[in-house]
Amino acid sequence: MIEIAPRRLPALSRWFPTGSPGTGALAEHVLTTGRGVWWADRPARPRVLAVTCGDHTLLRGDPGALAPDALSRFAGQYVQAPARFRPLLGSAFERVTPWERMLYVHQAQAPESLPRTPRGVTVRRLTPEDGPALACLPPENAWICASWGGPVGLSASGHGWAAFTKGRILSVACTYFLGSAYEDVAVVTVPDRRRERLALACVAHLTADVRARGHTASWCCSRDNRPSRLLAWTAGFRLTREYVHHSTGRALADEARAADCVGGNGEPASRVRRGVAAVGDGPGPRG
């Protein structure tokens, strides 16, 4: 697969329909924000097209047009693709784990009177000056910024709300994928401030913003993530369908190259064959 510029893209209607909820909005998000990468099997008249943003990949087309190693760049990703790609994915990665997901759409109003925030906590829209505070989130929460290119991108996007105390972010909700009809939202709360309903307050403000833009909020989470499912329901989201995406491990092509770098006596194969030392490459990834 090769990276292609947005101006080289074919008409996307048959590849990635517009107006889709959930991760279906990923392609529109990349087109609108420029945050992400487009891939194709060839520059003209592609048979396979992919788009990546953060650690998510949408893959479409004819899997028969690809060799397994063509997918190596999608290692460590959450890949959503038609079922016909499953054998190819299995041949490309040392691990392909199916992950059952639930897609909710905002249909009901959140409670009119949200719980009062704790003393000293303020819930407000993110501003460009909040990049450093986002960068200080715990590592396990850092993914919340990925679809906007990082903390600076999210803070300047105008699509996030957060709960603050003394300059520290306790919870943040944002539009993760911005589509033409739907905005897929995400939320995190730092571990030591959970169960204070801060996430609910942030999500309520965010969904009000989404409505004001004439869009509908959607919400994706793992089937096993009961706290996320409960929060979605309380915030007014209702289940519309279930689907599966796949978490990919290390690319088998990378493993083969690494094995090829080791000769029978344990020395790098390039030294064994050519008398030159080899330099190996290290391995290269939303609840």
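Preceding this section is the structure that the text describes.
Presented here is a report on the structure given in the accompanying data block. (Residues numbered from 1 in each chain as written. Predicted model: local features only at pLDDT ≥ 70, side-chain atom pairs only at ≥ 80, totals over all residues. Heavy atoms only, no water.)

1. With respect to the packing of aromatic side chains
For step 1, the next point in the chain: For the structure shown, the criterion picks out six aromatic pairs.
For step 2, the next point in the chain: Aromatic side chains Tyr78 and Trp99 sit 5.3 Å apart centroid to centroid with 55° between the ring planes, which places their arrangement in the tilted category. On the criterion of sequence distance, the pair formed by Tyr78 in strand S5 (residues 78-80) and Trp99 in strand S6 (residues 96-106) is long-range, its members being 21 residues apart.
For step 3, the next point in the chain: In this structure Tyr78 comes out as buried when scored by relative accessible area, which is 15%.
For step 4, the next point in the chain: Plain terms: the ring middles of Trp219 and Phe237 are 5.2 Å apart, the flat faces sit at 55° to each other, and that makes the pair tilted. Placement of the pair is Trp219 in strand S11 (residues 216-222) and Phe237 in strand S12 (residues 237-248), with a sequence separation of 18 residues.
For step 5, the next point in the chain: Judged by its relative accessible area of 0%, Phe237 is buried. (Phe/Tyr/Trp six-rings, centres within 6.5 Å; stacked < 30°, edge-to-face > 60°. Helix = DSSP H or I, 4+ residues; strand = E, 2+ residues; numbered from the N terminus. Buried < 20%, exposed > 50% of the residue type's maximum accessible area, 1.4 Å probe, protein only.)

2. Looking at the side chain of Ser171
For step 1, the next point in the chain: By secondary structure assignment, the location of Ser171 is in strand S9 (residues 168-178).
For step 2, the next point in the chain: Classification of Ser171 as buried rests on a relative accessible area of 1%.
For step 3, the next point in the chain: Polar contacts involving the side chain of Ser171 include one to the side chain of Thr189, which spans 2.9 Å.
For step 4, the next point in the chain: When sequence neighbours within four positions are dropped, the list of residues in contact with Ser171 reads Trp161, Ala162, Ala163, Val187, Val188, Thr189, Leu198, Ala199 and Cys202. (Polar contact = N/O pair within 3.5 Å; in protein donor to acceptor, adjacent residues only side chain to side chain. Contact = heavy atoms within 4.5 Å.)

3. With respect to helix H1 (residues 26-33)
For step 1, the next point in the chain: Of all the positions in H1, only Leu26, Ala27, Glu28, His29 and Val30 are classed as buried.
For step 2, the next point in the chain: Buried positions along H1 lie against strand S2 (37-40), strand S3 (48-53), strand S4 (56-61) and S9.
For step 3, the next point in the chain: Downstream of H1 by a residue or two, Gly34 has a phi angle that is positive, lying close to 75°.

4. Re the nonpolar core
For step 1, the next point in the chain: Counting 59 residues, the largest nonpolar core has Phe16, Trp38, Ile169, Val172, Trp219 and Phe237 as its most contacted members.
For step 2, the next point in the chain: For Trp219, the contacting residues outside a window of four places in its chain are Met102, Leu103, Tyr104, Asp184, Val185, Val187, Val203, Ser228, Leu231, Ala232 and Phe237. (Core = buried A, V, L, I, M, F, W, Y, C linked by side-chain atoms within 4.5 Å.)

5. Quick look at the pairing of S12
For step 1, the next point in the chain: Strand direction decides the pairing type here: S5 and S12, joined by two bridges, are antiparallel. Residue pairing across strands places Val79 opposite His246, the latter belonging to S12.
For step 2, the next point in the chain: For S6 and S12, the ladder comprises eleven bridges, and the chain directions are antiparallel. Bridge pairing links Trp99 to His245 in S12. (Pairing = 2+ DSSP bridges.)

6. Describing the sheet that holds S3
For step 1, the next point in the chain: Ordered in space as S1-S2-S3-S4-S5-S12-S6-S11-S10-S9-S8-S7, the twelve strands form an open sheet in which the pairing is mixed. Edge strands, defined here as strands with exactly one partner in the open sheet, are strand S1 (2-4) and strand S7 (122-125). Neighbour to neighbour, the strand axes of the sheet diverge by 30° on average, direction disregarded.
For step 2, the next point in the chain: Across the face of the sheet, helix H5 (residues 198-212) comes into contact with S6, S7, strand S8 (160-165), S9, strand S10 (182-189), S11 and S12 while running at roughly 35° to S9.
For step 3, the next point in the chain: Helix-sheet contacts for helix H6 (residues 226-234) involve S6, S10, S11 and S12, and the interaxial angle to S11 is about 160°. (Axes fitted to C-alpha atoms, helices over the stretch in contact; angles between N-to-C directions.)

7. Topic: the environment of Arg124
For step 1, the next point in the chain: Structurally, Arg124 can be placed in strand S7.
For step 2, the next point in the chain: Placed 39 residues apart in sequence, Arg124 and Ala163 show a C-alpha to C-alpha distance of 6.6 Å.
For step 3, the next point in the chain: The contact partners of Arg124, leaving out residues within four places of it in the chain, are Asp130, Trp161, Ala162 and Phe164.
For step 4, the next point in the chain: Here Asp130 takes part through its side chain, which lies 2.8 Å from a polar atom of the side chain of Arg124.

8. A short note on the pattern of salt bridges
For step 1, the next point in the chain: Applying the stated criterion across every chain yields a total of eight salt bridges.
For step 2, the next point in the chain: Here Asp209 makes a salt bridge to Arg125, at a shortest N to O gap of 2.4 Å. Taken together, the positions of Asp209 in helix H5 and Arg125 in strand S7 put the pair 84 residues apart, joining distant regions of the chain.
For step 3, the next point in the chain: Residue Asp209 is classed as buried on the basis of its relative accessible area of 13%.
For step 4, the next point in the chain: Between Glu196 and Arg193 there is a salt bridge, with the nearest N and O atoms lying 2.8 Å from each other.
For step 5, the next point in the chain: On the accessibility criterion, Glu196 (25% relative accessible area) is partly exposed. (Salt bridge = Lys/Arg side-chain N within 4 Å of Asp/Glu carboxyl O.)

9. What to know about the environment of Arg238
For step 1, the next point in the chain: Take Arg238: it is sitting in strand S12.
For step 2, the next point in the chain: Those residues in contact with Arg238 that lie beyond four places of it in its chain are Leu103, Tyr104, Val105, Gln107, Ala108 and Trp233.
For step 3, the next point in the chain: A distance of 3.0 Å separates the side chain of Arg238 from the backbone oxygen of Trp233, its partner in a polar contact.

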